[in-house]
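Next come the chains, spelled out residue by residue.
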Amino acid sequence: MCGIVGYIGKEQAAPIILDGLAKLEYRGYDSAGMAIAGEDHQINYKKAVGRLKVLEELTHGGETMPGTAGIGHTRWATHGAPSDVNSHPHFNKEKTIAVVHNGIIENYIYLRDYLMKKGYEFISQTDTEVLAHMLDYYYKGNPLEAITKVMHRVEGSYALGVLFADQPDQLFAVRKDSPLIVGQNEDGCFIASDVPAILKYTRKVYFVENQEVVRLREDHMHFYTIDEEEIHKEPTLIDWDANAAEKCGYEHFMLKEMYEQPKAIKETLMPQNNPRIRGDEITIEELDMTDDELRAIKKLHIVACGSAYHAGVTGKYVIEGLARVSVEVDLASEFRYRNPILEEGSMVIVISQSGETADTLAALRESKARGFKVLGIVNVVGSSIAREADKVMYTWAGPEIAVATTKAYSAQLIALYLLAMKLARVNNTVTKEEYQKLLCDIKLLPDQVELLLNNKNHIQKFANRYIGAKDVFFIGRGIDYAISLEGSLKLKEISYIHSEAYAAGELKHGTISLIEDKTLVAAVSTQEALYQKTISNMLELKARGAFVLAVTNEDNKAIEKEADYVIYIPKTNAYFTNSLAIIPLQLFSYYVSLGKGCDVDKPRNLAKSVTVE
Ligand code: F6R
């Protein structure tokens with residue numbers, strides 16, 4: 001949520017900031033703003049409601065804001081509606097201190113009242129403005145001192161970029177519980193919420209830890225604790241492909257990322273230098289657990305949000321089915337407040353693409369505080385969850401830019417399958433033959449996904465018929481229910497069509513009253529043992545006027561008699577069908593969204609990386 005970029009160096013700052021913000025726009029896109037250190041110890045700034053391009057036009061691509069040091073922000077509104085006055089940067093009264101902020105200041109009402117009693121006036125509805133005035137209150141010519149004093153007083157989460165008008169040769173970056181990195185090249189130093197913002201300029205980055213402050217100058221950076229003690233940090237070299245944050249000819253990042261799924265699956269199965277399938281063995285080195293320790297796991301708690309939660313629901317079916325280990329899946333936002341029962345022999349798995357989701361991070365901390373080991377299944381290397389989890393199993397999907405996740409979700413499924421197979425192997429819950437079949441089938445998934453992606457034309461045609469749909473339902477049983485949840489989320493989030501996912505047998509307990517003539521119902525039916533049951537549910541719906549799209553295995557031709565339209569997926573192991581069934585559902589959502597003219601990569605009201613509760 002919200003993107004921050006800062007630059008100080010030999011180059012003009014504004015174009016670099018705008019360029020970086022464009023790469024972070026997926027984090028928020030209600031409004032944007034920039035502050036640049038000008039001549040005569042003044043700060044020039046511009047803010048604009050709407051997408052970043054409004055700010056770009058307003059500043060002629062940054063040309064009208066000369067200067068070599070500055071900070072910028074793209075906003076996802078939390079406190080106060082999107083408006084010029086609520087946009088960042090925020091200032092003290094004299095506009096000599098500029099602040100951009102990602103996070104939430106939880107005690108801002110108390111601090112605002114405190115400052116108002118001291119004569120400070122507030123012009124916005126944001127929590128951020130309190131930071132600018134607090135800095136002003138404490139600033140006596142030493143920025144580091146003022147910043148750390150503010151850090152001692154504020155509660156909540158923050159990643160900040162701060163600029164002082166009388167100190168144009170330095171910028172400050174500050175962090176607590178919201179992501180922030182800094183980077184450096186020969187020409188200058190950078191602040192960013194996420195790597196893609198500065199990947200074009202440098203691969204040498206430093207992860208700022210909680211309650212640290214960075215002073216950035218043209219040619220060096222210094223790191224400090226909240227108590228102003230200087231600390232030494234080692235840089236991390238980012239080895240992402242330079243194309244990772246570019247569309248590379250695809251119309252949207254979402255389309256590009258869908259097409260990257262075969263690679264994401266391959267990389268997660270066989271990470272370079274550390275393959276997870278070696279001969280007949282599954283090796284998950286990051287687990288760092290002996291077979292006896294794995295056998296001692298009595299229960300798994302999977303905790304995540306959104307699509308990552310849906311991957312967890314699939315994981316429950318696969319792990320329980322294959323390894324006979326009991327799995328509870330929780331929404332992270334619920335887990336931490338329901339006082340969950342974690343018993344001896346339990347292990348917690350948190351799943352997150354960004355590694356920064358506030359609720360998932362809080363669930364991780366809650367579990368650790370209770371003395372339980374946490375495994376993070378994470379995509380972003382070096383993210384907060386990756387750093388705080390006891391063990392990290394990376395999904396090697398590469399950077400995901402589109403707000404709606406596709407390839408990271410697919411990679412999460414693979415990580416869970418590997419875990420399930422490993423546990424099944426040590427628990428001896430599958431026969432040798434079954435295990436060999438699983439190994440063989442999992443390796444085929446990348447090619448099968450590719451095949452489905454290349455067969456997109458008929459899905460596009462079908463999707464075009466549903467651009468005007470009011471409601472769409474997704475149904476399935478068992479594992480097919482898990483994929484229905486994800487299919488439904490994909491559709492509603494990018495096309496704004498109301499959609500719900502139901503366990504196929506459950507619809508008739510109330511929701512079936514919503515079925516009208518020609519309502520589209522996508523029935524996922526990939527579990528041979530349940531074919532007939534799902535067909536019965538399809539027929540109940542058809543009898544009430546529904547148009548039934550079936551997604552099923554290629555050998556289930558009998559379904560054609562009952563369904564109105566059929567999409568086939570290649571035959572795979574019953575436990576892996578979600579990896580294939582999701583592809584047509586993603587494509588369907590994409591083409592409906594495209595046909596409706598929605599902003600596929602940046603759907604309304606959303607943001608990637610939800611760093612607020
Ligand atoms: C949906 C989507 C979200 C995320 C959720 C968790 O397409 O992307 O539902 O899955 O916000 O995010 P991470 O995985 O970053 O924790």
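Residues numbered from 1 in each chain as written. Predicted model: local features only at pLDDT ≥ 70, side-chain atom pairs only at ≥ 80, totals over all residues. Heavy atoms only, no water.

**A few points about the overall build of the chain**
Formally: Working definition: helices are DSSP H or I runs of at least four residues, strands are E runs of at least two. Numbering for both runs from the N terminus. We take the radius of gyration over the C-alpha atoms and set the globule estimate at 2.2 Å times the residue count to the 0.38 power. Here the term buried applies to any residue with accessible area under 20% of the maximum for its type, exposed to any over 50%, and partly exposed to those in between, with areas from a 1.4 Å probe on protein chains only. Contacts: residue pairs with any heavy atoms within 4.5 Å of one another. Method for areas: the Shrake-Rupley scheme with a 1.4 Å probe, in which residue coverage is limited to the protein chains shown. Charged residues are defined here as Lys and Arg on the positive side and Asp and Glu on the negative side; His and the ends of the chain fall outside this count. Charge positions come from single atoms, namely NZ of Lys, CZ of Arg, CG of Asp or CD of Glu.
When helices and strands are tallied, the chain shows 18 helices and 27 strands. A globule of 613 residues ought to have a C-alpha radius of gyration of about 25 Å, and the chain, at 25 Å, matches this closely. Here the chain, with 613 residues, has 61% of them falling under the buried criterion. Within the chain, counting contacts between residues at least 6 apart in sequence, those at least 24 apart form 71% of the total. Here the chain displays about 23300 Å² of accessible surface, and carbon together with sulfur accounts for 48% of that area. Across the chain, the 68 positively charged side chains and the 84 negatively charged ones have centroids separated by 4 Å.

**Remarks on the site of the ligand**
Condition: What makes a residue near a molecule or strand is one non-hydrogen atom of that residue sitting within 4 Å of it. In protein, a polar contact means a hydrogen-donor-capable atom and an acceptor-capable atom, both N or O and within 3.5 Å, with residues adjacent in sequence counting only if both atoms are side-chain atoms; elsewhere, any N or O pair within 3.5 Å suffices. As a working rule, the residues Ala, Val, Leu, Ile, Met, Phe, Trp, Tyr, Cys and Pro are called nonpolar, Asp, Glu, Lys and Arg charged, and the rest polar, with Gly in that last group. Each domain's limits were defined by an automated method or a database of domain assignments.
Contacts to the ligand come from 14 residues, most closely from Ser-352, Gln-353, Ser-354, Thr-357 and Glu-493. Lys-490 has a polar side-chain atom sitting 3.0 Å from an oxygen atom of the ligand. Those elements that provide at least two residues to the shell around the ligand are α9 (306-323) and α16 (479-495). Its residues placed into classes, the shell around the ligand shows 5 nonpolar, 7 polar and 2 charged. In terms of domain composition, the shell around the ligand takes at least three residues from each of domain 2 (246-453) and domain 3 (457-596).

**Some remarks on the packing of aromatic side chains**
Our working definition: Pairs were defined over the aromatic rings of Phe, Tyr and Trp, the Trp ring being its six-membered one, requiring ring centres within 6.5 Å. Orientation was assigned from the angle between planes: stacked under 30 degrees, edge-to-face over 60, tilted for the rest.
Inspection of every chain in the model, using the stated rule, returns 18 aromatic pairs. Between Tyr-206 and Phe-223, the ring centres sit 5.2 Å apart and the planes meet at 45°, which makes this aromatic pair tilted. Here Tyr-206, found in strand β11 (residues 204-207), pairs with Phe-223, found in strand β13 (residues 221-225); they are 17 residues apart in sequence, far enough to count as distant. The exposure classification of Tyr-206 matches that of Phe-223, with both residues buried. Ring pairs connect the aromatic residues Phe-462, Tyr-466, Phe-547, Tyr-565 and Phe-588, which therefore count as one cluster.

**A short note on the pattern of salt bridges**
Short version of the rule: Counted as salt bridges are all cases of a side-chain nitrogen of Lys or Arg within 4 Å of a carboxyl oxygen of Asp or Glu.
Counted by the stated rule, this structure contains 28 salt bridges. A salt bridge links Glu-281 to Arg-425, with the shortest nitrogen-to-oxygen separation between them at 2.7 Å. With Glu-281 in strand β17 (residues 281-282) and Arg-425 in helix α13 (residues 407-427), the pair connects residues that are 144 residues apart, well separated along the chain. For Lys-437, the salt bridge is made with Asp-441, and the minimal N-O distance between the two is 3.0 Å. Linking Lys-437 with Asp-441, this pair stays in helix α14 (residues 432-454), spanning 4 residues, or about one helical turn. Taking relative accessible area as the criterion, Lys-437 reaches 46% and is therefore assigned partly exposed. Among the charged side chains, a salt-bridge network with shared partners connects Lys-176, Asp-177, Arg-365 and Glu-388.

**Let's talk about the sheet that holds β13**
Which entries qualify depends on this criterion: By definition, two strands form a pair when at least two bridges between them are found by DSSP.
Sheet architecture is open: 7 strands sit in the order β5-β6-β7-β8-β12-β13-β14, paired in antiparallel fashion. Every other strand in the sheet has two partners, leaving β5 (90-91) and β14 (230-231) as the edge strands with one partner each. Sheet analysis places β5 next to strand β6 (residues 97-105), joined by 2 bridges and oriented antiparallel. Each residue of the ladder has a partner; that of His-90, found in β6, is Val-99.

**Focus on the domain arrangement of the chain**
Domain assignment breaks the chain into domain 1 (3-238), domain 2 (246-453) and domain 3 (457-596). Using only C-alpha atoms to locate each centre, domain 1 and domain 3 end up separated by 45 Å.

**Remarks on the environment of Pro-82**
Assignment of secondary structure puts Pro-82 in the loop between β4 (69-75) and β5. Pro-82 sits 154 residues away from Thr-236 along the chain, and the two C-alpha atoms are 36 Å apart. Other than its neighbours up to four places away in sequence, Pro-82 contacts Asp-30, Val-49, Arg-75 and Ala-77.

**Overview of unusual backbone geometry**
Looking along the chain, the bond that leaves His-88 and enters Pro-89 is cis, with omega of 0°. Along the chain, the position of Pro-89 falls in the loop between β4 and β5. Even without being a glycine, Asp-177 presents a positive backbone phi close to 60°. Within the secondary structure, Asp-177 sits in the loop between β8 (171-176) and β9 (181-185). Phi at Gln-211 is positive, roughly 60°, even though this residue is not glycine. Structurally, the position occupied by Gln-211 is in the loop between β11 and β12 (212-216). A relative accessible area of 30% places Gln-211 in the partly exposed class.

**Considerations on the packing of helix α4 (residues 129-138) against helix α5 (residues 143-153)**
The condition is simple: Interaxial angle, 0 to 180 degrees, is taken between N-to-C directions of lines fitted to C-alpha atoms, where a helix line uses only the stretch in contact. Note on terminology: angles under 35 degrees are roughly parallel, angles over 145 are roughly antiparallel, angles of 65 to 115 are roughly perpendicular, and the others are oblique. Crossing handedness is defined as follows: a turn of the near helix away from the far one that is anticlockwise and smaller than a right angle gives a left-handed crossing, while the clockwise case is right-handed.
Two elements in contact, α4 and α5, have axes separated by 9 Å at closest approach and are oriented at 125°. It follows from the interaxial angle that α4 and α5 lie oblique. The interaxial crossing formed by α4 with α5 has right-handed handedness. Along the contact surface, α4 presents Leu-131, Met-134, Leu-135 and Tyr-138, while α5 presents Ala-146, Ile-147, Lys-149, Val-150 and Arg-153. The class makeup of the residues in the contact of α4 with α5 is 7 nonpolar, no polar and 2 charged.

**Re empty space enclosed by the protein**
Applicable threshold: Of the two site types, the cavity is a set of points on a 1 Å grid over the protein atoms alone where a 1.4 Å probe fits but cannot get out, and the pocket is an open set with protein on both sides within 12 Å along at least five of seven lines, each lined by residues with an atom within 4 Å of a point. Grid points are joined across faces, edges and corners, and a volume is the space filled by probe spheres set on the points.
Tallying each qualifying case throughout the model produces 3 cavities of 30 Å³ or more. If you add up the space inside the largest cavity, you get close to 90 Å³. Along the walls of the largest cavity sit 15 residues, with Cys-2, Trp-76, Thr-78, His-88 and Gly-103 positioned nearest its centre. Classifying every residue of the lining of the largest cavity gives 5 nonpolar, 8 polar and 2 charged. The volume enclosed by the second largest cavity comes to roughly 50 Å³. Only α4, α5 and β7 (156-164) provide two or more residues apiece to the lining of the second largest cavity.

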